[in-house]
Amino acid sequence: MSKQQLSIYNSLSGQKEVFVPINEGKVGMYVCGPTLYSEPHMGNMRTFINFDLIYRYLLVLGYNVKYVRNITDAGHITNSAGDEVDSIGKAARQEQMQSLEIVYKYNVIFQDLQRTYNMLPPSIEPTATGHIQEQIEIIEKIIENGFAYVVNGSVYFDVKAYSEKHQYGILSGRKIDELAEETRELNAQDEKRFFADFALWKKANPDDMQIWRSPWGDGNPGWHIECTAMSTKYLGNHFDIHGGGMDLKFPHHEDEIAQNCGSLGCSPAKYWMHANMLNVNGQKMSKSFGNYFLPMEIVNGSTELFEKPFSPNVIRFAMMQAQYRSTMDMTNDALKATEKGYLKLMEAMNLMEKLKTSDASSSNVTALVDSFYAAMNDDFNAPTLIANLFEAVRYINSVNDGKATITADDLTLLQREMNVFVFDVLGMVPVASSNNNQLKPVMDLVLDLRQEAREKKDWSTSDKIRDGLAAAGIVVKDTKDGTTWS
Ligand code: AMP
Ligand code: ZN
């Protein structure tokens, strides 16, 4: 159960390593946040939900965590085709708004989604546009150190000069000679001395929506420099964890490391963590592939991909059933099975509060609780945690059926730790039950209407009510003593 046992798969070493924070008791964690030129899709949310799980578990272990997740609201992004594009400017032109108006519009939605999916807010969500000065200062240092050059109002990172002193490719394993084959002709290729060089500052285009002054003339920052600026500003030159989606490993994170080493002389993070992709039929969910759905579309049932709506709790629980380093496909059948499991878990959580105790326990509760920690200590293995929680569910049900026993002390331990892991770690929201005072009058009314429909044999209305309640996380049960809900 001790913190020392936490091990993390470090993408930098390609191995699981025991987690030892740089400063005892404290963790600094930086995660690359969204580029808010459109509504985040379910794939984006998976990455942020995974890091929310990681953040939550670090808090449960008692660490004082500073969690920084940026918002990209400026800069040129390299898209999947290898082109450098100002996606925010493009969206702004399309929607006839200003760049920051676009970012604000989608940030409101993103913040709502965080609450819907019960994600804890990070300690700070700094923006790229709020840190232009810091980015300029880092670029100046890189130039001073001889790892960048200025061409026609733009600044490029000099990968060849850097490679003479440092190892470019340390994270991704890319060898610069091999990069030529996978890097397409980029914009402004002719300005670069070497194909693998990347922009730190881009000279303004006449149609740029946002422009800043710099020592090299008007322009805007390259994509990677904002994360170097914000991570070092809020967490220092060397911090514990840097995370993001797997697709950011190269070039984004590789280039971040080069910028940090090229300006400050050291690699930013001790542990690099990469969350795997949400796929649709084996292919990464992506705006550019058109195979995406929006987080609210599953909740309100407006996508044809799913037979019925699913509650955010069920969707979050489904996400937790794939370890963060594995890919996951979200299918109708998987969500239906998850919903059943989720409701079973929630019923057991309610039942656990009312169990009768005995003089002896027929199961080893301490070992059971240890297995929860062991699962999460093993690189945040939530699927194993869930399997172990279901061991506890079976035990709770057996005690309730009189087939097993539990002592009062063991029950107190089990209640405390099940609550910690189900609600604090997995981030499930406690469901209301029949004795919930606030919901009771509303539920009484809804169940009366359902009863009337049933008496009239209006099965479609009664099913609609039951399914609608299920989607909201409320299970209705008809027993011989009447209808109950939880
Ligand atoms: P973006 O807004 O494109 O910068 O992406 C924001 C975050 O979402 C990044 O950490 C990406 O790695 C992540 N991401 C993008 N697509 C997916 C996906 N299909 N599954 C999981 N994470 C994704
Ligand atoms: Zn980043």
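Every chain begins its residue count from 1, and numbering advances along the sequence as written. Chains and ligands are labelled by the order in which they are written, letters from A for the one and numbers from 1 for the other. The predicted origin of the model limits local features to residues at a pLDDT of at least 70 and limits the giving and counting of side-chain atom pairs to 80 or more, whereas totals for whole chains, interfaces and linings rest on all residues. For the side-chain quantities, the full set of heavy atoms in the structure was used; hydrogens and water were omitted.

Visitor: Tell me about the nonpolar core, residues and numbers included.
Guide: The criterion is simple. A nonpolar core is a set of buried Ala, Val, Leu, Ile, Met, Phe, Trp, Tyr and Cys residues joined through side-chain atoms within 4.5 Å. Only protein chains enter the area calculation, which uses a 1.4 Å probe; residues under 20% of their type maximum are buried, those over 50% are exposed, and those in between are partly exposed. If you look at the biggest cluster of nonpolar residues, it comprises 96 residues, and the most contacted ones within it are Met42, Leu58, Met330 and Leu414. Built from parts of two domains, this core gets at least three residues from each of domain 1 (22-275) and domain 2 (318-425). If near-sequence neighbours (up to four positions away) are discounted, Met42 is found in contact with Tyr117, Leu278, Met285, Phe293, Pro295, Ile298, Ile315, Met319 and Met330. With 42 residues, the next largest nonpolar core counts Ile138, Val155, Phe194 and Cys261 among its residues. Each domain's extent was defined by an automatic or database domain assignment. Residue contacts are defined here by distance: any two heavy atoms, one from each residue, within 4.5 Å place the two residues in contact.

Visitor: Describe the site of ligand 1, and please don't skip the residues or the numbers.
Guide: Taken together, 17 residues lie around ligand 1, and Gly43, Thr47, Asp247, Leu278 and Met285 are the ones closest in. One nitrogen or oxygen atom from the main chain of Met285 is found 2.8 Å from a nitrogen atom belonging to ligand 1. All accessible areas in this document rest on Shrake-Rupley with a 1.4 Å probe, and a residue is counted as covered only by the protein chains that are shown. When ligand 1 is considered free in solution it has 490 Å² of accessible area, and contact with the protein chains removes 89% of it. Strands here mean DSSP runs of E at least two residues long; helices mean DSSP runs of H or I at least four residues long; both are numbered from the N terminus. It is helix α1 (residues 42-60) that provides the largest number of residues to the shell around ligand 1, a total of four residues. Residue polarity is assigned by list, with Asp, Glu, Lys and Arg as charged and Ala, Val, Leu, Ile, Met, Phe, Trp, Tyr, Cys and Pro as nonpolar; anything else, Gly included, falls into the polar class. In terms of residue class, the shell around ligand 1 is built from seven nonpolar, eight polar and two charged. In these notes, residues near a molecule or strand are those with any non-hydrogen atom within 4 Å of it. Any pair of N or O atoms that falls within 3.5 Å is considered a polar contact. Within protein, one atom must be able to donate a hydrogen and the other to accept it, and sequence-neighbouring residues count only if both atoms are side-chain atoms.

Visitor: For the sheet that holds strand β7 (residues 148-151), give the residues involved together with the corresponding values.
Guide: Spatially, the four strands line up as an open sheet ordered β7-β8-β9-β10, and their pairing is antiparallel. In this open sheet, the two edge strands, each paired with only one partner strand, are β7 and β10 (219-221). The mean angle between the axes of side-by-side strands here comes to 20 degrees, regardless of whether they run parallel or antiparallel. Any two strands are treated as partners once DSSP identifies two or more bridges connecting them. Every axis corresponds to a line fitted to the C-alpha atoms, with the helix fit spanning only the stretch in contact, and the corresponding angles, defined between N-to-C directions, vary from 0 to 180 degrees.

Visitor: Break down helix α4 (residues 132-144) for me, citing the residues and quoting the values.
Guide: Taking 1.5 Å per residue as the helical rise, α4 with its 13 residues ought to reach 18 Å, and the 18 Å between its terminal C-alpha atoms agrees with that figure. Within the span of α4, buried status applies to Ile132, Gln135, Ile136, Ile138, Ile139 and Ile142. The arc that holds the buried residues of α4, viewed along the axis, is 165 degrees, so those residues lie on one side. Turning to α4, the residues buried within the fold contact β7, β8 (154-157), β9 (198-203), β10, α7 (225-235) and α8 (249-264). The positive-phi residue at the C-terminal boundary of α4 is Gly146, with phi of around 85 degrees. Multiplying one less than the number of residues by 1.5 Å gives the expected span of a helix. Throughout, the arc means that of the directions going from the helix axis to the C-beta atoms.

Visitor: Account for the pairing of strand β3 (residues 26-31), naming residues and giving values.
Guide: With five of six residues buried, β3 is to be regarded as a mostly interior element. Strand direction decides the pairing type here: β3 and strand β4 (residues 64-69), joined by six bridges, are parallel. Note that in β4 the partner of Gly28 across the bridge is Lys66.

Visitor: Account for the sheet that holds strand β15 (residues 328-329), naming residues and giving values.
Guide: Spatially, three strands are ordered β14-β13-β15 in an open sheet, and the strand pairing comes out mixed. The strands lining the two open edges of the sheet, one partner per strand, are β14 (283-284) and β15. Pairing between strand β13 (residues 278-280) and β14: two bridges, direction antiparallel. What sits directly across from Val280, in β14, is Gln283.

Visitor: For the side chain of Gln135, give the residues involved together with the corresponding values.
Guide: Of note, Gln135 is situated in helix α4. The residues contacting Gln135, other than those within four sequence positions of it, are Ala128, Pro221, Ile225, Glu226 and Ala229.

Visitor: Describe in detail the pattern of salt bridges, supporting the description with residues and values.
Guide: Salt-bridge detection follows one rule: a side-chain nitrogen of Lys or Arg within 4 Å of a carboxyl oxygen of Asp or Glu. Applying the stated rule across the entire model yields 16 salt bridges. Taken together, the shared-partner salt bridges in this structure form one network comprising Asp52, Arg56 and Arg316.

Visitor: Can you explain the side chain of Asn276? Please cite residues and give values.
Guide: One can find Asn276 in the loop between β12 (269-275) and β13. For Asn276, the side chain forms a polar contact with the main-chain oxygen of Arg325, separated by 2.9 Å. Excluding its chain neighbours within four sequence positions, the residues that come into contact with Asn276 are Arg46, Thr47, Met246, Tyr324, Arg325, Ser326 and Thr327.

Visitor: Go over the domain arrangement of the chain, please, and point to the residues and values.
Guide: Domain annotation for the chain reports domain 1 (22-275), domain 2 (318-425) and domain 3 (440-485). On a C-alpha basis, the centroid separation for the pair domain 1 and domain 3 is 50 Å.

Visitor: Outline the packing of helix α15 (residues 440-455) against helix α16 (residues 459-471), supporting the account with residue identities and numerical values.
Guide: Working note: a packed helix pair is described by the angle between its axes plus the distance between those axes. One way to put it is that α15 packs onto α16 with a least axis distance of 7 Å and a crossing angle of 150 degrees. Taken together, α15 and α16 sit at an angle that is classed as roughly antiparallel. Remark: the crossing between α15 and α16 carries left-handed chirality. Together, Met443, Val446, Leu447, Leu449, Arg450, Ala453 and Arg454 of α15 and Trp459, Thr461, Ser462, Ile465, Arg466 and Leu469 of α16 make up the contact between the two elements. Its residues assigned to classes, the contact of α15 with α16 comprises eight nonpolar, two polar and three charged. Throughout, the term roughly parallel applies to angles under 35 degrees, roughly antiparallel to angles over 145, roughly perpendicular to angles from 65 to 115, and oblique to all others. Crossings are assigned a handedness: left-handed for a near helix turned anticlockwise from the far helix by less than a right angle, right-handed for a clockwise turn.

Visitor: Pulling in residues and values, what's your account of the environment of Val151?
Guide: Counting through the fold element by element, Val151 comes out in strand β7. Separated by 52 residues in sequence, Val151 and Lys203 place their C-alpha atoms 9.2 Å apart.

Visitor: Describe the environment of Leu305, listing the residues and the values that go with them.
Guide: Structurally, the position occupied by Leu305 is in the loop between α9 (295-299) and α10 (312-320). Separated by 179 residues in sequence, Leu305 and Thr484 have C-alpha atoms that sit 31 Å apart. The residues contacting Leu305, other than those within four sequence positions of it, are Phe293 and Asn332.

Visitor: Explain the packing of aromatic side chains to me, using residue names and the numbers behind them.
Guide: Each pair of aromatic rings taken from Phe, Tyr and Trp, with Trp reduced to its six-membered ring, is defined by centres within 6.5 Å and is described as stacked if the planes are under 30 degrees apart, edge-to-face if over 60, and tilted in the remaining cases. Under the counting rule described, the total for this entry stands at 18 aromatic pairs. When the ring of Tyr57 is compared with that of Phe380, the centres are 6.1 Å apart and the planes differ by 90 degrees; the resulting orientation is edge-to-face. Residue Tyr57 is found in helix α1, and its partner Phe380 is found in the loop between α12 (365-377) and α13 (382-400); the two are separated by 323 residues along the sequence. Among the residues examined, Phe380 registers a relative accessible area of 0% and is labelled buried. Here a set of aromatic residues connected by ring pairs shows up, and it is made of Tyr57, Tyr324, Phe372, Tyr373, Phe380 and Phe421. When the NZ atom of lysine or the CZ atom of arginine is within 6 Å of a ring's centre and also within 35 degrees of its normal, the charge is said to sit over that ring. The ring of Tyr292 carries the charged tip of Lys287 above its face, separated from the ring centre by 5.1 Å. The ring centre of Tyr9 lies 3.8 Å from the NZ or CZ of Arg325, which sits over that ring.

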